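Spelled out from the first residue to the last, the chains are:
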Amino acid sequence: MAKTVSEVFVETLIEAGVRRVYGVAGDSLNGLTDAIRKSNQIDWLHVRHEETAAFAAGADAQVTGKLAVCAGSCGPGNLHLINGLYECHRTRVPVLAIVAQIPSSEIGSSYFQETRPEHLFKECSHYCKLVSQPEQMSRVLGIAMRTAITKQGVAVVIIPGDIALRDCNSPPLSLGLDHLTSTTLPSSQTLEKAAALCGAQFFPLRDRKKPNAIGRPELLTDPRFADTAKQAANSTQLTAILDEVFRSQSLPHWREALDRAHITYGVVHQPQDVINDPQLPANDIIVPLEGAGERLKLTVSSPIKVHGVSKVTAQRAPELGEHNEEVLKELGFTSAEIAGLLASGVIPRVPNLEPAPAGGGE
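Below, the structure is looked at part by part. Remember, predicted model here, so these are calculated numbers, not experimental data. (Residues numbered from 1 in each chain as written. Predicted model: local features only at pLDDT ≥ 70, side-chain atom pairs only at ≥ 80, totals over all residues. Heavy atoms only, no water.)

## Points about the overall build of the protein
Secondary structure summary: the protein contains 17 helices and 10 strands in total. When burial is assessed residue by residue, the protein has 35% of its 362 residues classed as buried. Within the protein, contacts between residues separated by at least 24 positions form 66% of all contacts whose residues are at least 6 apart in sequence. On the protein, roughly 22,000 Å² of surface is accessible, and the fraction owed to carbon and sulfur atoms is 53%. (Helix = DSSP H or I, 4+ residues; strand = E, 2+ residues; numbered from the N terminus. Buried < 20%, exposed > 50% of the residue type's maximum accessible area, 1.4 Å probe, protein only. Contact = heavy atoms within 4.5 Å. Areas by Shrake-Rupley, 256 points an atom, 1.4 Å probe, with all protein chains shown as cover.)

## Comments concerning helix α3 (residues 50-64)
A rise of 1.5 Å per residue sets the reference length of α3, with its 15 residues, at 21 Å; its end C-alpha atoms lie 21 Å apart and thus fit the reference within 8%. What α3 keeps buried is the set E50, A53, A54, A57, G58, D60 and A61. Along the axis of α3, the buried residues cluster in a sector spanning 160°; they form a single face. In the core, the buried residues of α3 are packed alongside β2 (20-23), β4 (68-72), α4 (76-79), α5 (82-90) and β5 (95-101). Note on α3: the residue one or two positions beyond its end, G65, has a positive phi of about 75°. (Expected span 1.5 Å × (residues − 1). Arc of directions from axis to C-beta.)

## Focus on the pattern of salt bridges
The tally for this structure, following the rule as stated, stands at 8 salt bridges. Between R224 and D222 there is a salt bridge, and its shortest N-O distance comes to 2.8 Å. Relative accessible area serves as the criterion here: at 32%, R224 is assigned to the partly exposed category. One continuous salt-bridge network, built from bridges that share partners, spans D34, R37 and K38. (Salt bridge = Lys/Arg side-chain N within 4 Å of Asp/Glu carboxyl O.)

## Quick word on the nonpolar core
With 36 residues, the main nonpolar core has L13, L96 and I98 as its most contacted residues. Secondary-structure elements contributing two or more residues to this core are α1 (5-15), α2 (30-38), β4, β5, α7 (137-151), β7 (154-160) and α8 (161-164). Examining the composition of this core, we find that 7 residues originate from one element, α7, more than from any other. The contacts of L13, once residues within four sequence positions are left out, are V18, V21, I42, V69, L96, I98, L141 and M145. With 22 residues, the next largest nonpolar core counts V24, V47, C88 and V93 among its residues. (Core = buried A, V, L, I, M, F, W, Y, C linked by side-chain atoms within 4.5 Å.)

In structure tokens form, the structure reads like this:
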């Protein structure tokens, strides 16, 4: 028995590694959603609005680095995808949009909810084509997915609802793509020009005052760092040298040296530097924590004061099992049942602890 266009469509998505489709169900998508329902290898993730589906697919693609799929029914359904698809296309993530269309025999007749998605999605996609015959589907879908992956953007497949329900003799296609990410490195001349236009370099060794300021003037004549391309190729060695140099002196020393040479720099603070910032305890953002041991004496007040909302002073952390009895009572256990659990050792006994005072101490 021949499979439907929708079934081959879904099998092709699965073959490409797609495991979920975001969308809102509609009559023109019935063939597709039914094929997904019958499969245990792909899920239909229903959302409240098609715009959400497109944004969700974009987020999926950004997090996983893989092709993500969203779908919208004909007319207003697929129109709602457009905001999210513009976002996906501009952020360069591989997203396939399945856009349902009105019955193929009604296209061009001003049919109810008829739109022209070929034109609507042209500006927010690398590829946007209509499937008008079952025999087209496999090839159009394959091109769309390859385009989305290789060009890192949106591809749109438009398919009328009646075409999706017809028989299809074409087998599911394999994309045949190597999913390893390729890297393109510009020529050294191009990098030099870009650096000159920006007024910057990877590490401006050719600027004499900077190697001199850090006490390593020999870097200016070191053949390993003679130009931008060699600096990039030997970046690990250069980084090791600079790490050793900057570790050799304190931060105040380097502030003074770089300020004296009029060199712009930035300082990355350690977590302890942030905690020791006097503004934080002064505003009750960092508060003392008592009763949590010697290694944990400060914590963040919760919640932090925002627009005049008062903060809650930190309390002593509870001992393990301290509130077991209260929790069990809330769950409906009687005193006798709790006593039995304590006696059998199912829940631990803990010493009676005095509640922390309102100020945060014990």
